[in-house]
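Given next are the chains, with one letter for each unit.
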Amino acid sequence: EYTGGFTSDENGKLAFYDGLLVRALRNGDWVILDELNLAPTEVLEALNRLLDDNRELYLPEINEVVKAHPSFRLFATQNPSGAYGGRKPLSRAF
């Protein structure tokens, strides 16, 4: 999972762990998302907030806003929406 989730810690208590995208945000890593126009709408909405001027991602599971490290970069690819099944056009915001 990109944002993270809950798992048991070493004491058996439920704890949230950072997913790949959140770790990249915190560390200033680069991420590439392949075929972004196959992503569910809720994923695209979360990414939209990350890609605007605020550069932040909200984690509703733990009510935390993660600010992107200055070196963080996000790249995405897509196939044309009309040429392949299941692909939808992305909003102009992307």
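Positions within a chain are numbered from 1, following the residues in the order the chain's sequence is written. Since the coordinates come from a predicted model, pLDDT governs what is reported: local features require at least 70, and pairs of side-chain atoms require 80 or more to be given and counted, while whole-chain, interface and lining totals use all residues. For the side-chain quantities, the full set of heavy atoms in the structure was used; hydrogens and water were omitted.

Draft legend 1. Broad picture of unusual backbone geometry. One non-glycine residue, E35, lies in positive phi territory at about 55 degrees. Numbering of helices and strands runs from the N terminus, with a helix taken as a DSSP run of H or I at least four residues long and a strand as a DSSP run of E at least two residues long. You can see E35 is positioned in the loop between strand 3 (30–33) and helix 2 (41–51). Within the chain, R55 stands out as a residue other than glycine whose phi angle is a positive 50 degrees. The cut-offs for exposure are 20% and 50% of the maximum accessible area for each residue type, with area from a 1.4 Å probe on protein chains only; residues under the lower value are buried, those over the upper are exposed, and the others partly exposed. Judged by its relative accessible area of 29%, R55 is partly exposed.

Draft legend 2. Quick look at the pattern of salt bridges. We define a salt bridge as a side-chain nitrogen of Lys or Arg found within 4 Å of a carboxyl oxygen belonging to Asp or Glu. Under the definition given, this model contains 4 salt bridges. We note a salt bridge from R26 to E64, for which the minimum N-O separation is 3.2 Å. In this pair, R26 sits in helix 1 (residues 20–27) while E64 sits in strand 5 (residues 64–67), placing the two residues 38 residues apart along the sequence. On the accessibility criterion, E64 (27% relative accessible area) is partly exposed.

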